[in-house]
2 protein chains.
Amino acid sequence: MLRLSKRVEYGLMALQYLAKSGNVATAREISDAGHIPYELLAKVMQSLKHEGIIDSYQGVRGGYAMLVAPAQINLARVMKALDEDATVTECISPGSVHEQCTLYANCTIKEPMQKLQTRMEESFGKMTIAELL
Amino acid sequence: MLRLSKRVEYGLMALQYLAKSGNVATAREISDAGHIPYELLAKVMQSLKHEGIIDSYQGVRGGYAMLVAPAQINLARVMKALDEDATVTECISPGSVHEQCTLYANCTIKEPMQKLQTRMEESFGKMTIAELL
DNA sequence: CAAAGTAGGACTGATTTGATCGTATTTTAT
DNA sequence: ATAAAATACGATCAAATCAGTCCTACTTTG
Ligand code: FES
Ligand code: FES
């Protein structure tokens, strides 16, 4: 079907780690524990912070910690934070720039794809970080 | 979330076309109608044929036609025929070669991803070609 | 003020995907 | 018979995406 990006995969592992430990952990610590490339994980953590899922503390003794209860964070939100192509097709994204898609004028599957998008969001919306523990 | 490949997009448009017309149509005809690159569409049609979704007739007056009722073909099957990466992560695919994934030994999200895979297949399994008409 | 950490831009290489080309094979119509 | 219209399929090229790395800041604690 559709393969998750490494960013999402690493993000989920990191969130699982944070949720399990319950307090602050550094990117290096998570990277070592999961054998995840450090530099890439660091970026992922920053994205998760911008989305408001985790909090960060700079400087010595700094690191990252959960900002929201694991049960309150669903996969749709994580993927939105970590992945760019958030829609099944370019047809979607209501109010966005449809002109980008060269097929738009001839696309015959706009409505069904919108329906599919909704269903997928439901699927991803139902699973939370709490289910990773 | 996750973007469908052009192959799947073209395949769905083609199946919609065939289902709507109800009889044989050539790849060129579908390509023209949908402004789809002919060579690529031709490959997509061949894949759909191998999957047993459509039938093909060679030679002059040849073309493609539905082999199964549109309501009997769900998107999961179409995607399986047209897309390679059929799983959410490499963890999945029961009985398959896990060794490929370098992370397997350290992967902490195998079970949840398996669950996610199942749910997604349900989502895609519920929508049929009949819903594209 | 030094060490440990996050913040983030820029770059490279690998991989995947879309698109194209070329040639063979099958079948109908003339 | 044979030419034309179509599928079949392998090989190749180009574009886009993604993973990974590097480098330089900024921030905070001890
Ligand atoms: S995919 Fe671009 S408009 Fe449908
Ligand atoms: S993603 Fe490879 S084992 Fe989980």
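It should be noted that the structure appears before, not after, this text.
Residues numbered from 1 in each chain as written. Chains lettered and ligands numbered in written order. Predicted model: local features only at pLDDT ≥ 70, side-chain atom pairs only at ≥ 80, totals over all residues. Heavy atoms only, no water.

1. Section: the protein's contact with DNA strand C
- Close to DNA strand C lie 25 residues; Lys43(A), Ser56(A), Gln58(A), Lys6(B) and Gln58(B) are nearest.
- Within 4 Å of the protein, the contacting atoms of DNA strand C are 70% sugar and phosphate, with bases supplying the remainder.
- One of the backbone N or O atoms of Val60(B) is found 3.2 Å from a base oxygen in DNA strand C.
- If you list the elements that add at least two residues to the surface near DNA strand C, you get α3 (38-50), β1 (54-57) and β2 (63-66) of chain A together with α1 (6-21) and α3 (38-50) of chain B. (Near = heavy atom within 4 Å. Polar contact = N/O pair within 3.5 Å; in protein donor to acceptor, adjacent residues only side chain to side chain. Helix = DSSP H or I, 4+ residues; strand = E, 2+ residues; numbered from the N terminus.)

2. Quick look at the protein's contact with DNA strand D
- Neighbouring residues of DNA strand D: 25 residues in total, closest Lys6(A), Gln58(A), Ala27(B), Lys43(B) and Ser56(B).
- Within 4 Å of the protein, atoms of DNA strand D come from sugar and phosphate in 68% of cases.
- Within the side chain of His50(B), a nitrogen or oxygen atom sits 3.4 Å from a phosphate oxygen of DNA strand D.
- Within the side chain of Tyr64(B), a nitrogen or oxygen atom sits 3.0 Å from a phosphate oxygen of DNA strand D.
- Elements represented by at least two residues in the surface near DNA strand D include exactly α1 (6-21) and α3 of chain A together with α3, β1 (54-57) and β2 (63-66) of chain B.
- Looking at the surface near DNA strand D, the element that brings in the most residues is α3(B), giving five residues.
- Classifying every residue of the surface near DNA strand D by side-chain character gives nine nonpolar, ten polar and six charged. (Nonpolar A, V, L, I, M, F, W, Y, C, P; charged D, E, K, R; others polar.)

3. A few points about the interface of chain A and chain B
- At the interface, 39 residues of chain A touch 39 residues of chain B.
- Carbon and sulfur atoms supply 63% of the area that chain A and chain B bury against each other, a total of about 4400 Å² over both sides.
- For the pair chain A and chain B, the number of links is four salt bridges.
- The partner of Glu131(A) in a salt bridge is Arg119(B), and the shortest N-O contact between them spans 3.2 Å.
- In this assembly, chain A and chain B are joined by 13 residue pairs in polar contact (both at pLDDT 80 or more).
- Among the secondary structure elements, those contributing two or more residues to the side of chain A that touches chain B are α1, α4 (75-82) and α5 (110-126) of chain A. (Contact = heavy atoms within 4.5 Å. Buried area = accessible area lost by both parts, 1.4 Å probe. Salt bridge = Lys/Arg side-chain N within 4 Å of Asp/Glu carboxyl O.)

4. Some details on the packing of helix α2 (residues 27-34) of chain A against α3(A)
All names here are of chain A.
- Across the interface, α2 lies against α3 with an axial gap of 9 Å and an inter-helix angle of 125 degrees. Classified by the angle their axes make, α2 and α3 are oblique. α2 and α3 meet at a crossing whose hand is right-handed. Residues Ala27, Arg28, Ile30 and Ser31 of α2 form the contact with α3, whose participating residues are Tyr38, Leu41 and Met45. (Axes fitted to C-alpha atoms, helices over the stretch in contact; angles between N-to-C directions. Parallel < 35°, antiparallel > 145°, perpendicular 65-115°, else oblique. Left-handed = near helix turned anticlockwise from the far one by under 90°.)

5. Topic: the packing of aromatic side chains
- Here the structure, examined in full by the defined rule, presents zero aromatic pairs over all chains.
- Residue placement shows Arg28(B) over the ring face of Tyr38(B); its charged tip is 4.0 Å from the ring centre. (Phe/Tyr/Trp six-rings, centres within 6.5 Å; stacked < 30°, edge-to-face > 60°. Lys NZ or Arg CZ within 6 Å of the ring centre and 35° of its normal.)

6. Brief notes about unusual backbone geometry
Residues and elements named next belong to chain B.
- The phi angle at histidine 35 is positive, at roughly 55 degrees, despite the residue not being glycine.
- Residue position: histidine 35 is located in the loop between α2 (27-34) and α3.
- Unusually for a residue other than glycine, arginine 61 sits at a positive phi of about 70 degrees.
- With relative accessibility at 82%, the residue arginine 61 sits in the exposed group. (Buried < 20%, exposed > 50% of the residue type's maximum accessible area, 1.4 Å probe, protein only.)

7. Topic: the nonpolar core
- Ranked by size, the top nonpolar core spans 80 residues in total, and within it Leu12(A), Leu48(A), Met113(A), Leu12(B), Leu48(B) and Met113(B) carry the most contacts.
- Setting aside chain neighbours within four positions, we find Leu12(B) in contact with Ile109(A), Met113(A), Leu4(B), Leu75(B), Val78(B), Ile129(B) and Leu132(B). (Core = buried A, V, L, I, M, F, W, Y, C linked by side-chain atoms within 4.5 Å.)

8. Focus on the side chain of Ser47(B)
Residue and element names in this part refer to chain B.
- Residue position: serine 47 is located in helix α3.
- Of the residues examined, serine 47 reaches a relative accessible area of 18% and is grouped as buried.
- If we ignore the near neighbours within four places in the chain, the residues touching serine 47 are Arg7, Ala81 and Leu82.

9. Describing the layout of surface pockets
Residues and elements named next belong to chain A.
- For the largest pocket, the calculated volume is near 200 Å³.
- The wall of the largest pocket is formed by Thr26, Ala27, Arg28, Tyr38, Ala42, Lys49, Ser56, Tyr57, Gln58, Gly62, Gly63 and Tyr64.
- Contributions of two or more residues to the lining of the largest pocket are made by α2, α3, β1 and β2.
- Considered class by class, the residues forming the lining of the largest pocket number five nonpolar, five polar and two charged. (1 Å grid on protein atoms, 1.4 Å probe; cavity = no way out; pocket = protein on both sides within 12 Å on 5 of 7 lines; lining within 4 Å. Points joined across faces, edges and corners; volume = space filled by probe spheres on them.)

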